[in-house]
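These are the residues of each chain, in order.
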There are 2 protein chains.
Amino acid sequence: MNLQRQPQAGHDNLFAHPFSPTALPQEQPAPQVVWLTGLSAAGKSTIVDSLNPLLGERGLRTCILDGDSLRTGLCRDLGFSAADREENVRRVAQVAALMADAGLTVLVALISPTRAARHHARSIIGIERFVEVFVDVPLAVAEARDPKGLYRRARQGEICGFTGVDSPYEPPVCPELHIHNDQVSACAAAQMIDHWLRQFRGL
Amino acid sequence: MNLQRQPQAGHDNLFAHPFSPTALPQEQPAPQVVWLTGLSAAGKSTIVDSLNPLLGERGLRTCILDGDSLRTGLCRDLGFSAADREENVRRVAQVAALMADAGLTVLVALISPTRAARHHARSIIGIERFVEVFVDVPLAVAEARDPKGLYRRARQGEICGFTGVDSPYEPPVCPELHIHNDQVSACAAAQMIDHWLRQFRGL
């Protein structure tokens with residue numbers, strides 16, 4: 001038996017162990033990563049909370065990756081500079097890919113303000129299982145909601161680099177789904193996503 | 001309805017969304033994180049590859065987190081300095097915790113050379129679901145195996161900070177399982193872990 005293994009491309013001292021693939025139950029469709037992007041207070045997490053039980057009722061095993069929660073754990077070493085925000089999105093995408101590999105349907109709620117970072121996320125996760133959902137509300141609406149008091153603090157200069165105030169949000173050019181979330185309920189938005197997943201990804 | 005939420009402890013602009021918990025099937029026991037630590041070439045990944053189908057046969061959904069693979073993805077920005085190694089272990093622990101939260105049994109194969117980093121991992125994952133498995137072979141045995149040619153390169157000075165050569169490995173003081181992996185086959189080691197999980201964690 002030849003025990004010598006070939007290193008991974010570009011990494012001459014890292015070797016991917018050729019693990020036997022974990023067999024997924026045959027009836028399971030390919031896991032998807034539903035990536036909700038939008039301003040703070042656009043309603044991303046609330047939609048996820050409505051969508052999660054809809055998917056669970058259909059027998060899908062799900063996992064939620066929420067921006068705020070991750071920033072106190074996996075990404076707690078990161079701040080809000082442009083570079084740190086890109087790294088934040090990259091890590092969430094890597095974890096989402098691992099979870100989809102493990103057969104979970106992944107629900108991501110993350111501002112992810114730049115097109116470049118979301119494009120990178122799409123490439124990490126794979127276009128066939130990345131579902132970009134633009135949770136769109138006018139800035140004025142998000143700012144009027146302000147459930148966390150963050151817009152107020154950003155306007156007062158207490159928080160710097162806040163998306164929509166003094167840091168840009170780049171709307172998706174061609175998202176899989178565009179939800180005008182000032183015109184529908186979270187429940188209706190969740191049903192739109194659920195319907196889309198069934199229709200276009202056979203989930 | 002009071003929309004004001006309280007920030008997370010120590011983070012005055014991060015708010016954990018109060019997601020409804022995902023209901024796990026009642027027959028599922030608490031997910032465990034099996035953390036294999038040991039020298040390079042001790043046999044960690046090979047044991048994981050034997051253990052994974054044993055758990056799958058019992059209906060458990062599993063996920064493998066392998067050190068080398070993660071270093072080309074989630075942890076690709078990290079090197080092999082002491083600080084970067086600690087951060088590497090921390091990130092893997094955070095991801096393992098998220099996966100266990102999602103109901104997966106997680107198999108980690110990671111040198112994780114320091115007691116401090118493994119202790120940190122235990123605290124992130126939770127003592128009730130952390131299973132430290134010391135995959136123990138004498139350095140001379142690992143070096144004689146050297147399936148990746150890394151020990152040879154470390155001895156020749158081509159790789160710096162290599163665990164066991166010019167960087168310390170701190171053996172676990174009180175692991176849940178201690179496997180003398182120069183005396184048993186990977187298959188037998190996997191069965192030992194499987195048996196332990198059933199006996200002590202009801203998995």
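Here the residue numbering is sequential within each chain, running from 1 through the sequence in written order. Written order decides the labels, with chains lettered from A and ligands numbered from 1. Per-residue local features of the predicted model are confined to residues with pLDDT of at least 70, and side-chain atom pairs are confined, for both listing and counting, to 80 or more; whole-chain, interface and lining totals are unaffected and use all residues. Only hydrogens and water are removed before side-chain values are computed, so all heavy atoms of the structure are retained for them.

Peer 1: Help me get a handle on the nonpolar core, residues and values and all.
Peer 2: In plain words, nonpolar cores are sets of buried Ala, Val, Leu, Ile, Met, Phe, Trp, Tyr and Cys residues tied together by side-chain atoms within 4.5 Å. A simple rule labels every residue: compare its accessible area, found with a 1.4 Å probe on the protein chains alone, to the largest value its type can have, and call it buried under 20%, exposed over 50%, or partly exposed in between. Trp-35 and Leu-65 of chain A together with Trp-35 and Leu-65 of chain B are the most contacted members of the largest nonpolar core, which has 53 residues in total. Leu-51, Ile-64, Leu-197 and Leu-203 of chain A belong to the second largest nonpolar core, which has 36 residues in total.

Peer 1: How would you sum up the sheet that holds strand S1 (residues 33-37) of chain B? Please name residues and give values.
Peer 2: Residues and elements named next belong to chain B. Pairing is parallel across the open sheet formed by five strands, whose spatial order is S2-S3-S1-S4-S5. A strand with exactly one partner marks an edge of an open sheet, and here the two such strands are strand S2 (62-66) and strand S5 (177-180). Each strand of the sheet is rotated relative to its neighbour by a mean of 20°, with strand direction disregarded. Paired strands, in this sense, are two strands between which DSSP finds at least two bridges. Numbering of helices and strands starts at the N terminus; helices are DSSP runs of H or I of at least 4 residues and strands are runs of E of at least 2. As paired strands, S1 and strand S3 (residues 105-109) are joined by four bridges and run parallel to one another. Note that in S3 the partner of Val-34 across the bridge is Leu-107. Contact criterion: two residues are considered in contact whenever any of their non-hydrogen atoms come within 4.5 Å of each other. Orientation is described by lines fitted to C-alpha atoms, with helices fitted over the stretch in contact, and by angles between N-to-C directions that extend from 0 to 180 degrees. Seen against the sheet, helix H4 (residues 115-125) touches S1 and strand S4 (130-136) and runs at an angle of roughly 150° to S4.

Peer 1: So what's going on with the relation of the copies chain A and chain B? Which residues, and what values?
Peer 2: Mapping chain A onto chain B is achieved by rotating through 180° and translating by 0.0 Å along the same axis, at an RMSD of 0.0 Å. The transformation just described matches what one would write down for a two-fold rotation axis. Superposing the copies works by least squares over the C-alpha atoms of residues that have pLDDT at least 70 in both of them.

Peer 1: Explain the interface of chain A and chain B to me, using residue names and the numbers behind them.
Peer 2: Across the contact, 56 residues belong to chain A and 56 residues belong to chain B. Carbon and sulfur atoms supply 55% of the area buried between chain A and chain B, which totals about 4,700 Å² over both sides. Summed over both partners, the accessible surface that disappears when two parts come together, traced with a 1.4 Å probe, is what is meant by buried area. Of all residues in chain A, Phe-15, Phe-19 and Arg-61 of chain A bury the most surface against chain B, accounting for 14% of the area lost on that side. What makes a salt bridge here is a side-chain nitrogen of Lys or Arg within 4 Å of a carboxyl oxygen of Asp or Glu, nothing more. Counting the contacts that link chain A with chain B gives two salt bridges. Between Arg-90 of chain B and Asp-77 of chain A there is a salt bridge, with the nearest N and O atoms lying 3.3 Å from each other. Looking at the side of chain A that touches chain B, the elements that each hand over two or more residues are helix H1 (44-57), strand S2 (62-66), helix H2 (67-71), helix H3 (82-101) and helix H6 (150-155) of chain A. Considering each element in turn, the side of chain A that touches chain B owes the most residues, seven residues, to H3 of chain A.

Peer 1: Now, about the sheet that holds strand S4 (residues 130-136) of chain A: what can you tell me, with residues and values included?
Peer 2: Residues and elements named next belong to chain A. Ordered by their spatial adjacency, five strands build an open sheet running S2-S3-S1-S4-S5, and the pairing between neighbours is parallel. The sheet is open, and its two borders are formed by S2 and strand S5 (177-180), each paired with just one other strand. Mean inter-strand twist for the sheet, computed between neighbouring axes without regard to direction, equals 20°. Examined bridge by bridge, S4 and S5 share four bridges and lie parallel to one another. Bridge pairing in S5 places Val-135 opposite Ile-179. Set on the sheet, H1 makes contact with strand S1 (33-37), S2, strand S3 (105-109) and S4; between it and S3 the angle comes to about 165°.

Peer 1: Talk me through helix H4 (residues 115-125) of chain A; I want residue IDs and the actual numbers.
Peer 2: All names here are of chain A. Among the residues of H4, those classed as buried are Ala-117, Arg-118, Ala-121, Arg-122, Ile-124 and Ile-125. Take H4 and look down its axis: the buried residues cluster within an arc of 165°, on one side only. Structural note: H4 exposes Ala-116 and His-119 on the side pointing more than 90 degrees away from its buried face. Tucked inside the fold, the buried residues of H4 contact S1, H3 and S4. At the exit of H4 stands Gly-126, carrying a positive phi of roughly 105°. Starting at the helix axis, one direction is taken to each C-beta atom, and the arc is that of these directions.

Peer 1: How would you summarise the packing of aromatic side chains if you had to cite specific residues and measurements?
Peer 2: Residues and elements named next belong to chain A. A pair of Phe, Tyr and Trp rings is counted when the ring centres sit within 6.5 Å of each other, with Trp represented by its six-membered ring. The angle between the planes then sorts it: under 30 degrees is stacked, over 60 is edge-to-face, the rest tilted. Inspection of every chain in the model, using the stated rule, returns eight aromatic pairs over all chains. For the pair Trp-196 and Phe-200, a centre-to-centre distance of 5.2 Å together with 40° between the ring planes defines the contact as tilted. Taken as a pair, Trp-196 and Phe-200 lie in helix H7 (residues 186-201) at a separation of four residues, close to a single helical turn. For Phe-200, a relative accessible area of 52% translates into the label exposed.

Peer 1: Account for the pairing of S4 of chain A, naming residues and giving values.
Peer 2: Residues and elements named next belong to chain A. Within S4, seven of the seven residues are buried, which leaves it mostly tucked inside the rest of the structure. Burial along S4 is two-sided: the residues Phe-130, Glu-132, Phe-134 and Asp-136 and Val-131, Val-133 and Val-135 are all buried. Where S1 lies against S4, five bridges are found, and the strand directions are parallel. Following the sheet pairing, Val-33 is matched in S4 by Phe-130.

Peer 1: Provide a residue-level description of the pattern of salt bridges, including the pertinent values.
Peer 2: Residues and elements named next belong to chain B. Here the structure, examined in full by the defined rule, presents 26 salt bridges over all chains. Of the charged contacts, one joins Glu-132 and Arg-118 as a salt bridge, the two residues approaching to 2.7 Å between their closest N and O atoms. Of this pair, Glu-132 sits in strand S4 while Arg-118 sits in helix H4, placing them 14 residues apart in sequence. The exposure class of Glu-132 is buried, given its relative accessible area of 7%. Among the ionic pairs, Glu-158 bridges to Arg-153, the shortest N-O distance being 3.2 Å.

Peer 1: Account for helix H3 (residues 82-101) of chain B, naming residues and giving values.
Peer 2: All names here are of chain B. Given a rise of 1.5 Å per residue, 20 residues ought to cover 28 Å, and the 29 Å separating the end C-alpha atoms of H3 matches this to within 8%. Judged by how many residues are buried, H3 sits mostly within the fold: 15 of 20 residues are covered. Of the residues one or two after H3, Gly-103 is the one with positive phi, at around 95°. Given the number of residues in a helix, its expected span is that number minus one, multiplied by 1.5 Å.

Peer 1: Describe in detail unusual backbone geometry, supporting the description with residues and values.
Peer 2: Residue and element names in this part refer to chain B. In this model, Ala-41 sits at a positive phi of 75°, which is unusual for a non-glycine residue. Looking at the element boundaries, Ala-41 is found in the loop between S1 and helix H1 (44-57). Among the residues examined, Ala-41 registers a relative accessible area of 17% and is labelled buried. One non-glycine residue with positive phi stands out, namely Asp-146, at about 35°. Its location among the elements puts Asp-146 in the loop between helix H5 (139-145) and helix H6 (150-155).

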